[in-house]
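Per-entry structural report
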Amino acid sequence: MSILLYGAGGSPFVRKVRVVLAEKKIPYDHDEVIPINVSPEYRKISPLGKIPALRDGDRTLADSSVICAYLERRHPEPALYPADAYEYARALWFEEYGDSALVGVIGPKIFFRKFIAPRFFNQPVDEAAVEQTVREELPPLFDYLESQLGTGPFFVGRSFSIGDIGIATHLVNLRHCGIGVDPARWPKLARWAATVHERPSFKTLIEEDRRTFGIE
Ligand SMILES: N[C@@H](CCC(=O)N[C@@H](CS)C(=O)NCC(=O)O)C(=O)O
């Protein structure tokens, strides 16, 4: 097996790559690197010291978006990037929205405080801070996403794409914190998230995280 993916499973960016690998049925080995005090050897592969990184034979790459784009060229089927130029750019936009706007709120302000801090740093959960973020910062992000979903099942065109993966991976971490998308307030987004998280590529990883982290 020539592909080796580096990066711990709870990372939304690592999950993005794993979903792409699963959708394309690409076999891989997995080295669950935790991005704290990474070794000089790992920094040669991932110069910013972040996860994920990927080795394909004697070639290496860092950054989830870069890795997913590479995998698409190496293994074009099933296509996860739309063929149409505008739809292609829209899919990249949603991936970027997940990797900047969503992670900026969900990562440090919710997932870290509620999930990582108590489990790995033995710190109590700052529930008031989490609740404030959920009340004030998450809704505008969900309002935008709700406004972008049409009548179809996916964010862009008629096919599941990197745009869906790039949003859904961050909502998994929210879900691990016991926070979902309220279907009364964001019906399209809630339906979309439930459908995407039921795909085998996501479902397998969600169940794996549940076992690993003892999530009820
Ligand atoms: N743009 C990067 C972001 C990766 C990222 O921020 N990963 C986090 C873990 S979820 C990390 O490695 N953090 C450690 C650090 O920033 O030093 C990507 O898409 O791969």
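Residues numbered from 1 in each chain as written. Predicted model: local features only at pLDDT ≥ 70, side-chain atom pairs only at ≥ 80, totals over all residues. Heavy atoms only, no water.

Before going further, it helps to examine the site of the ligand. In the vicinity of the ligand, the contacting residues are S11, P12, F13, P35, K50, I51, P52, D63 and S64. D63 places a side-chain nitrogen or oxygen 2.9 Å from a nitrogen atom of the ligand. Here the ligand, which alone exposes 510 Å², has 67% of that area covered by the protein. Across the shell around the ligand, the residue classes break down as 5 nonpolar, 2 polar and 2 charged. (Near = heavy atom within 4 Å. Polar contact = N/O pair within 3.5 Å; in protein donor to acceptor, adjacent residues only side chain to side chain. Areas by Shrake-Rupley, 256 points an atom, 1.4 Å probe, with all protein chains shown as cover. Nonpolar A, V, L, I, M, F, W, Y, C, P; charged D, E, K, R; others polar.)

Here the idea is simple: oppositely charged side chains can pair when their charged atoms come close. In total, this model carries 12 salt bridges according to the counting rule given. A salt bridge links R18 to E208, with the nearest nitrogen and oxygen atoms 2.9 Å apart. Taken together, the residues R18 in helix α1 (residues 12–23) and E208 in helix α8 (residues 200–213) connect sequence positions 190 residues apart. Taken individually, R18 and E208 each receive the classification buried, so the pair is uniform in this respect. Residue E136 pairs with R135 through a salt bridge whose shortest N-O separation is 3.8 Å. Judged by its relative accessible area of 53%, R135 falls in the exposed class. Among the ionic contacts, a cluster of salt bridges with common partners joins K16, E95 and D99. (Salt bridge = Lys/Arg side-chain N within 4 Å of Asp/Glu carboxyl O. Helix = DSSP H or I, 4+ residues; strand = E, 2+ residues; numbered from the N terminus. Buried < 20%, exposed > 50% of the residue type's maximum accessible area, 1.4 Å probe, protein only.)

Further remarks concern unusual backbone geometry. Where the residue is not glycine, phi is negative for most of them; where a peptide bond is considered, it is trans in most cases. Cis geometry is found at the peptide bond from I51 to P52, where omega equals 5°. Note on placement: P52 falls in the loop between α2 (40–45) and β3 (53–56). A cis amide bond links E77 to the next residue, P78, at an omega of -15°. Not every positive phi belongs to a glycine, and N122 is a case in point at roughly 55°. Take N122: it is sitting in the loop between α4 (85–120) and α5 (127–148). Look at N122 and you get exposed, because its relative accessible area is 72%.

Now for the packing of α4 against helix α6 (residues 162–176). Running from N to C, α4 and α6 cross one another at 10°; their axes reach a closest spacing of 8 Å. It follows that α4 is roughly parallel to α6 by the angle criterion. Where α4 abuts α6, its residues A91, F94, E95, Y97, G98, D99, L102, V103, I106, I110, F111 and F115 lie against I162, G163, G166, I167, H170, L171, N173, L174 and H176. Of the residues assigned to the contact of α4 with α6, the class counts are 13 nonpolar, 6 polar and 2 charged. (Axes fitted to C-alpha atoms, helices over the stretch in contact; angles between N-to-C directions. Parallel < 35°, antiparallel > 145°, perpendicular 65-115°, else oblique. Contact = heavy atoms within 4.5 Å.)

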